[in-house]
Amino acid sequence: MRVAVLGVAAALAVGVGAAPEAAACRMVTVAKDGTGNFTTVQAAVDSVPDGVATTILIKRGVYRELVRVPAAKTHLTMVGATGNPVDVVIDFDNASGTLKPDGTPFGTTGSATTMVAASDFTARHITFSNSFSRAAHPEITATQAVAIKATGDRMLFDHDRFVSHQDTLYADTANVDTRARQYYVRSTITGDVDFMFGRATAVFDRDTIVALDRGGNPNGYLTAPSTRVENPFGFLIINSTVTSPAAPATYFLGRPWHPSGDPNAIAQVVIRNTVLPAAIKSTPWTDFSGFSWRDARMREYRNTGPGAGTGPDRPQLTDAEAPQFTVANYLGDWSPR
């Protein structure tokens, strides 16, 4: 196998921040037609030495596989070669209730098409998909189908797509005692039930959030954060646009998730300077598994569009509070590029 080595300038051109120990960056290519170093994304990941800055350039195609990036493989970048995430898709179709070969269900985490545990990870111009179909599998009632689960710190997703129905994007941390900052920018996130969820400090900046139509009321919930009580920063949705073909007043902005009934998971989410569609309910937050949304930290600020509003059921940041809830404050001493 031949592996290219990029100079720092060339590495930055494809989106790699230089690792502290690396003066140069390796690059390997994935191509379904055999014209690269590997034909699967997982084989390319497996080839990367732990901690060595590496770019995996993925050529056009649908890569039907499960991808796992372990925690030791830091400073890894994945780039879709065409610059259009529609062209480069990593997809599988397990749901939480899908049975493994041993006859037990995968569960929510196990359903993930892609799992990334490594810090200092970047993905650009890639679609992360879970194509599980409720209609095709009426026998499966646990329909959580994760496209990606991310648990590392300093994770950048730029110009990507995240596609599923329930539990699309699992923005989490390695454990309850660990914080993880993740930045999702200029990307598209599609789903219906709790499709942006987890414990991470996650910023969604200039994104398009597509709330699918299930034909019911409620149609679904955009967010289900499980932020630790001691963490002031959970989810921030800012300068984004929510779209939906669903009927008016059928979508909640979110509900507080308490995994396994954990009382110390006190959801924190701010949605600000974002366009909201008519599908959003006038009372957009709701309770979850016996936990009241009013005990969580749900706020809006200066949203627009037919789904925007104010009132006692729509707590707003004050102008004095708003400067605390910014991209810079959520990400702290990390400046993604």
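Reference entry: report on the structure contained in this document. (Residues numbered from 1 in each chain as written. Predicted model: local features only at pLDDT ≥ 70, side-chain atom pairs only at ≥ 80, totals over all residues. Heavy atoms only, no water.)

## With respect to the sheet that holds strand E22 (residues 241-243)
Thinking step 1. Ordered in space as E4-E7-E10-E13-E16-E19-E22, the seven strands form an open sheet in which the pairing is parallel. For this open sheet the edge positions go to strand E4 (61-64) and E22, each flanked by a neighbour on one side alone. Along the sheet, successive strands turn relative to each other by an average axial angle of 15°, direction set aside. (Pairing = 2+ DSSP bridges. Helix = DSSP H or I, 4+ residues; strand = E, 2+ residues; numbered from the N terminus. Axes fitted to C-alpha atoms, helices over the stretch in contact; angles between N-to-C directions.)

## Regarding the packing of aromatic side chains
Thinking step 1. By the definition in use, this model includes 14 aromatic pairs.
Thinking step 2. Centroid distance Phe 157 to Tyr 184: 4.8 Å. Interplanar angle 5°. Geometry classified as stacked. In this pair, Phe 157 is assigned in strand E12 (residues 155-158) and Tyr 184 in strand E15 (residues 181-185), connecting sequence segments 27 residues apart.
Thinking step 3. Judged by its relative accessible area of 0%, Phe 157 falls in the buried class.
Thinking step 4. Among the residues examined, Tyr 184 registers a relative accessible area of 0% and is labelled buried.
Thinking step 5. Judged by centre distance (5.5 Å) and plane angle (5°), the ring pair of Tyr 221 and Phe 252 falls under stacked. (Phe/Tyr/Trp six-rings, centres within 6.5 Å; stacked < 30°, edge-to-face > 60°. Buried < 20%, exposed > 50% of the residue type's maximum accessible area, 1.4 Å probe, protein only.)

## Comments concerning the pairing of strand E19 (residues 208-211)
Thinking step 1. Judged from the four bridges that link them, strand E16 (residues 188-191) and E19 form a sheet pairing that is parallel. By the bridge assignment for E19, Thr 188 is matched with Thr 208.
Thinking step 2. In terms of strand pairing, E19 meets E22 through three bridges, oriented parallel. Among the inter-strand pairings, Val 210 is bridged to a residue of E22, identified as Thr 243.

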